[in-house]
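Descriptive analysis of the structure
So you can see what is in the structure, the chains are spelled out below.
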Amino acid sequence: MNELIDRHGRTHTYLRISLTDHCNLHCLYCNPLLPNTVGSRRKDSLSFDEVLRLIRFFILECGVTKIRLTGGELFVRKGITGFLKTLGEFKRDHPFMLGVTTNGTLLRQHCAVLKSSGVDAVNISVDSLREDRYEKITGQDGLKEVLEAISVVQSAEFESIKINTVVMRGVNDDELAEFAAFAAEKNLHVRFIEYMPFPNNAWDRQSFMSWRDMKRRIQEKYELIPKISDVHAVGKEYLIGGQKGIIGFITPVSEHFCGSCNRLRLTASGRIKACLFSLPEQEFDVAPLLRGGGTEKEIHAGILAALGMKWKVHPPAEQLAAGGRSTMTGIGG
Ligand SMILES: C[S@@+](CC[C@H](N)C(=O)[O-])C[C@H]1O[C@@H](n2cnc3c(N)ncnc32)[C@H](O)[C@@H]1O
């Protein structure tokens, strides 16, 4: 077994894969400047066969036990249904946890294939429960469709369904209690994510809200009871007193969780990132090996090289806001 251990002793068992850096939404915090490119993909994206070869290698030979497919928006990529079916066949013989992260706009029509392909976990991004504001944040009028898709996936009984909400002060922070009510009413797990800086967004300290401030705001209306979470869970989780649903906070900016990090990322174009915030020189580009007859041994060596450069703790937010790094659509969150 080629275990993926970095120089700080962290074992990596979780791979997040961005299948495309294209998205049909233009969320303020993620993809604000790129043109709408539904149905196409960058020429240099890994092919599905290349992604499948890597998945087989990570699962069968590197000790990876969990994979999440993300983007961009995975459902805008042509051929996604066939890819999911092939992946599902592999998963039947070699079980692992399989999740997807989606903006939900095209989820309803893909729910059946997710289920039949053995997808365990579905995360859906919803940053506002108000139609006009949803459109302002995402650039598209589609909240109703996303809320319907959530009901459909709930009926399909996936092992885990989570709602991701990026909280920006002055944009949607006044909806925190509404989201808690939504979680309680629909029996959902809603995770509030601290707004992270990327070179293509307008992050600054004024627009940032820490998880502690979010929690205080929700506690004005609801009792939050701490819940014991898995050691690798990135969220701090709470039950909503006397009600259904779970509230989580993901705190990469105010309280990093680097110490228990077990994550690797594969970008749409084939770069292995050992940290969400890694710099290009800390990454390993696996595409040339995949396309030039590279062996599994060479691929493993490249991954270990990227792991060897992984920070013990990623740099602070202000430093990360500076340019030079990839955007979230390419990395996949
Ligand atoms: C890059 S998106 C891609 C998947 C899918 N299109 C979606 O909307 O969920 C994956 C996750 O990253 C989160 N994300 C993107 N940019 C972010 C930022 N600047 N700060 C915090 N979270 C961010 C999104 O909210 C989403 O949950």
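All values reported here derive from a predicted model rather than from experimental measurement. (Residues numbered from 1 in each chain as written. Predicted model: local features only at pLDDT ≥ 70, side-chain atom pairs only at ≥ 80, totals over all residues.)

1. Here we look at the overall build of the chain
In terms of regular secondary structure, the chain is built from eleven helices and twelve strands. Taking 20 Å as the expected radius of gyration for a compact globule of 333 residues, we find that the chain reaches 19 Å, a close match to that expectation. Seen through its C-alpha atoms, the chain measures out along the principal axes to roughly 60 × 40 × 40 Å. Taking all 333 residues of the chain together, the buried fraction comes to 43%. Pairs at least 24 apart in sequence give 73% of the contacts found in the chain among residues at least 6 apart. (Helix = DSSP H or I, 4+ residues; strand = E, 2+ residues; numbered from the N terminus. Rg over C-alpha atoms; globule rule 2.2 N^0.38 Å. Buried ≥ 20, exposed ≤ 12 C-beta atoms within 10 Å, placed from the backbone. Contact = placed C-beta atoms within 7 Å.)

2. Quick look at the confidence of the model for the chain
Of the residues in the chain, 95% reach a pLDDT of 70 or more, and the chain-wide mean stands at 93. Scored below 50 in pLDDT, residues 36-41 makes ten contacts in the model with residues more than four places away or belonging to other chains. (pLDDT = per-residue confidence, 0-100.)

3. So, helix α6 (residues 176-186)
Of all the positions in α6, only L176, F179, A180, A183 and A184 are classed as buried. Looking down the long axis of α6, one finds its buried residues gathered within 140° of arc, a one-sided arrangement. Buried-residue contacts for α6 involve β5 (160-167), β6 (189-194), α7 (211-219), β8 (235-240) and β9 (246-250). Positive backbone phi, at 55°, marks N187, one or two positions downstream of α6. (Arc of directions from axis to C-beta.)

4. Section: the site of the ligand
Close contacts around the ligand come from 21 residues, with N103, S125, N164, M196 and G333 the closest. Of the residues contributing to the shell around the ligand, the split by class is nine nonpolar, eleven polar and one charged. (Near = placed C-beta within 6 Å. Nonpolar A, V, L, I, M, F, W, Y, C, P; charged D, E, K, R; others polar.)

5. A closer look at the pairing of β9
Burial within β9 is extensive, with five of its five residues counted as buried. With burial as the criterion, each face of β9 is covered, one bearing I246, G248 and I250 and the other bearing I247 and F249. Pairing geometry for β6 and β9, over five bridges, is parallel. Paired with I193 across the strands is I250, a residue of β9. Relative to β9, β8 is paired through five bridges, and the arrangement is antiparallel. By the bridge assignment for β9, G235 is matched with I250. The antiparallel pairing of β8 with β9 creates a hairpin that spans five residues between the two strands, and G242 there sits at a positive phi of about 70°. (Pairing = 2+ DSSP bridges.)

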